[in-house]
Amino acid sequence: MNNVVLIGRLTRDPELRYIPNSGTPVSTFTLAVDKNLSKEKKMEMESKNQPTADFIRIVVWGKVAENCANFLNKGKLVGVNGRIQTGSYDDKDGKKVYTTEVVANNVEFLEWGDNTQKSSGSTGSDFSDIDGFHPTDNDDIPF
């Protein structure tokens, strides 16, 4: 079984592109996911300029990819459900580079507000008409 569930913040705005010939939309972004560290360990790592989060590349396809590009932006908290995918390619020097990413099946907005406005004029406050997105009600969170 290959199933991943992550909660983190976008490190930059999603990038959207379309696959040539098919026109299939694909969006990529990086999610910063906090490591589960004690307060003391976190302070120690920060003092040594070591990361206290993992930075995970996310790939989203189809309508959900377009929605991510249109409605998500840097700093927003999201939940991602998907699978791990590994691969490799040869760089310009002929050296093999190994990759790991999460291919997302579902992206949940866990935070939104006024600063989610994009050039489309959306306020970002009502996502009920977007396929693949389901706002989380704070009463549904178990903590």
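Please refer to the structure placed before this passage.
Once a new chain begins, its residue numbering starts again from 1 and follows that chain's sequence as written. Residues qualify for local features only when their pLDDT is at least 70, as the model is predicted, and side-chain atom pairs are given and counted only at 80 or more; totals for whole chains, interfaces and linings, by contrast, use all residues. By convention in this description, side-chain values take in all heavy atoms of the structure and omit both hydrogens and water.

J.: Can you tell me about the pairing of strand β6 (residues 96-109), naming the residues and giving the values?
T.: Two strands make a pair as long as DSSP finds a minimum of two bridges between them. Secondary structure is summarised from DSSP: a helix means a run of H or I of at least four residues, a strand means a run of E of at least two, and numbering begins at the N terminus for each. Inspection of the sheet shows strand β4 (residues 53-61) paired to β6 by three bridges, in the parallel sense. In the sheet register, Ile58 faces β6, and the bridge partner there is Val102. In this structure, strand β5 (residues 77-90) lies alongside β6, joined through 13 bridges in antiparallel fashion. Of the residues in β6, the one forming a bridge with Asn81 is Asn106. Taking the residues that link successive antiparallel strands as the turn, the β5-β6 hairpin has five residues, and the phi of Gly94 there is positive, at about 85°.

J.: If you had to explain the environment of Thr86 to someone new, which residues and values would you point to?
T.: Take Thr86: it is sitting in strand β5. Spatially, the C-alpha atom of Thr86 lies 4.5 Å from that of Thr100, the residues being 14 residues apart in sequence. Only heavy atoms matter for contacts: two residues are in contact if any of them lie within 4.5 Å across the pair. If sequence neighbours within four positions are ignored, Thr86 has contacts with Thr99 and Thr100.

J.: Describe the pattern of salt bridges, and please don't skip the residues or the numbers.
T.: What makes a salt bridge here is a side-chain nitrogen of Lys or Arg within 4 Å of a carboxyl oxygen of Asp or Glu, nothing more. Across all of its chains, the model carries seven salt bridges by this definition. One salt bridge in this structure joins Arg12 and Glu15, with 3.0 Å as the shortest N-O distance. For Arg12, a relative accessible area of 29% puts it in the partly exposed group. Its relative accessible area of 47% is what places Glu15 among the partly exposed residues. Residue Lys41 pairs with Glu44 through a salt bridge whose shortest N-O separation is 3.9 Å. Taken together, the positions of Lys41 and Glu44, both in helix α1 (residues 39-47) and three residues apart, correspond to about one turn of that helix. One network of salt bridges, in which partners are shared, links Lys41, Glu44 and Lys48. Relative accessible area decides the class of each residue, using a 1.4 Å probe on protein chains only: under 20% of the type maximum gives buried, over 50% gives exposed, and in between gives partly exposed.

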